[in-house]
Amino acid sequence: MPVDDRSPPTLVGLPGGERVSALEPAFTAIYRENFAFVWRVLRRLGVPVEALEDATQDVFVVVHRRAGAYQAGVPIRSWLFGITRRVAADTRKRWQRNTGRTDARAETETMRDPSDADARAEASDFVAHFLDGLDEDKRVVLVLSDIEGMTAPEISAALGVNINTIYARLRAARIRFQAARREWFGDAAEVGERIG
Amino acid sequence: MDLPELTHRDVALLSRFRAHESPPPLAAARVLRRLEAQLHDAPPRAPFDAWFWCRSAAITIGLAAAALVVLMTGANLVESGRTTAAEQAVDARPATDPRPTSITTPQPQPKAAVAPTLPSPEPATTPAVATEPPTPAAPRSRTRAARPTAPHDSAAEVALVRTARGERDPAARLELLAQYRRAFPNGAFAEEVAVLGIESNCALGRHRVANDLAAAFLRDHAASAYAAIVRRGCGEPKPP
């Protein structure tokens, strides 16, 4: 068997600098740009904190495997979201089967970093609580639009839903969000002081 | 559509939430390293080559011998006209009828070139059968060989395990192993499949899953030849 004399990979460096990626530059670029997006979406789709790294890895394995099937006209995050959603569903099922827990999100919501600043923690508590109470259709649209910054056409492509439906869901979600915020914090001025 | 605008407070809340939900700083590097291992590195060599092939060979030889016995027995029964009770019941002729019941299994044309073509007054006898190569592919025995399905299924079973072992992608290998378990829930290679599953999960960086599987394996197969291997868990990275 011939000896593999490939040179050590010298492609894209990573934060920390101690290691470079042996993967294709295009893939690594997509990975770097979208890792946090995939992570957060997985989290919002109910993947428990303990399983986030595995699930994120699974998403990018699928991305790598299906790179040839990616259509250039489709926004990359829309495509990624489709994969992420399927991986999240699989991960949740596996998690529930292995642990017997039925609500991974509720289980892990308590695992917050105690070093968080109060304002940030309270903001996170409120948004997490609100999103948990929102039905999935509206939650996904609000997360993709107002947290991840995707446009309505991108969300429409990601979900395969008519764009007018996207707007309708976003409208309903925002109205409920603002109502919940007023109720949670009481006085809007107080909120401004807290998060200012 | 009048979409409510987010106030700056709303935006601030969502932005803080986004930061709170973002991955820790080193997570991206960790996952990328695991991806590299999964997508690029050579798959870990199974550490039980010799044992696996010994078992495979033993099982294959045993099954082949069993198939040979079944084929020869079946052929003898056919040639002697004493097949099954059902066939005897259907056959209204006396048992002494010299017409060979092997007429129900038509002689294949290609075989005529090999087998003696002289008309025989007697039914085909055991020696005639014995001169045929006792392989499942022998046309004459095909109809009878189809009855005992175990050899055929076992060949597929061995082939599936071999395919899984040769699969370089651990995720794809896990799919093949799941396929094996579905097809052969009581398969002869359950232990090998379990060990391959543990290794595949290790290769994917799923050490927790691998450890759980290893614990279950050691509980169920404490005396297995693979126990020592499994006990090592994911272990240290293999030398290049």
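Structure first, text after, so check above.
Note that the coordinates shown come from a computational prediction; the quantities given were computed from them, not determined experimentally.

Reading the values: rules and limits
- Residues numbered from 1 in each chain as written.
- Chains lettered and ligands numbered in written order.
- Predicted model: local features only at pLDDT ≥ 70, side-chain atom pairs only at ≥ 80, totals over all residues.
- Axes fitted to C-alpha atoms, helices over the stretch in contact; angles between N-to-C directions.
- Helix = DSSP H or I, 4+ residues; strand = E, 2+ residues; numbered from the N terminus.
- Parallel < 35°, antiparallel > 145°, perpendicular 65-115°, else oblique.
- Contact = placed C-beta atoms within 7 Å.
- Nonpolar A, V, L, I, M, F, W, Y, C, P; charged D, E, K, R; others polar.
- Core = buried A, V, L, I, M, F, W, Y, C linked by C-beta atoms within 7 Å.
- Buried ≥ 20, exposed ≤ 12 C-beta atoms within 10 Å, placed from the backbone.
- Domains from an automatic or database assignment.
- Expected span 1.5 Å × (residues − 1).
- Left-handed = near helix turned anticlockwise from the far one by under 90°.

1. Some remarks on the packing of helix α6 (residues 136-147) of chain A against helix α8 (residues 163-185) of chain A
Residues and elements named next belong to chain A.
At step 1: Axis separation between α6 and α8 bottoms out at 8 Å; the angle between their running directions is 90°. Considering the angle they form, α6 stands roughly perpendicular to α8. Along its contact with α6, which presents Asp137, Lys138, Val141, Leu142 and Ser145, the element α8 presents Ile166, Arg169, Leu170, Ala172, Ala173 and Phe177.
At step 2: Here the contact of α6 with α8 is composed, by residue class, of seven nonpolar, one polar and three charged.

2. Description of the nonpolar core
Residues and elements named next belong to chain A.
At step 1: Ranked by size, the top nonpolar core spans 48 residues in total, and within it Val38, Leu42, Ala55, Val127, Val141 and Leu144 carry the most contacts.
At step 2: At eight residues, helix α1 (residues 25-44) tops the list of elements feeding residues into this core.
At step 3: When we break this core down by domain, the ones giving at least three residues each are domain 1 (11-110) and domain 2 (112-196).
At step 4: Residues within four places of Leu42 in sequence aside, it is in contact with Val47, Leu52, Ala55, Thr56, Thr84 and Ala88.

3. Focus on helix α3 (residues 76-99) of chain A
At step 1: Under the 1.5 Å per step criterion, the end-to-end length of α3 of chain A is 33 Å for 24 residues, consistent within 8% with the ideal 34 Å.
At step 2: Residues of α3 of chain A that are buried: Arg77, Leu80, Phe81, Thr84, Val87, Ala88, Thr91, Arg92 and Trp95 of chain A.

4. Comments concerning the packing of α1 of chain A against helix α2 (residues 52-65) of chain A
All names here are of chain A.
At step 1: For the pair α1 and α2, the least separation of the axes is 10 Å and the interaxial angle reads 135°. Overall, the two elements α1 and α2 adopt an arrangement that is oblique. Two packed elements cross with a definite hand, and for α1 against α2 that hand is right-handed. Contacts between α1 and α2 involve Phe27, Ile30, Tyr31, Phe35, Val38, Trp39, Leu42 and Arg43 from the former and Leu52, Ala55, Thr56, Val59, Phe60, Val63 and His64 from the latter.
At step 2: Here the contact of α1 with α2 is built from residues that sort into 12 nonpolar, two polar and one charged.

5. Notes on the interface of chain B and chain A
At step 1: Each side of the interface is counted separately: chain B has 34 residues, and chain A has 41 residues.
At step 2: Mapped onto the side of chain B that touches chain A, the elements with two or more residues apiece are α1 (8-21) and α2 (27-39) of chain B.
At step 3: Here the side of chain B that touches chain A is built from residues that sort into 19 nonpolar, five polar and 10 charged.

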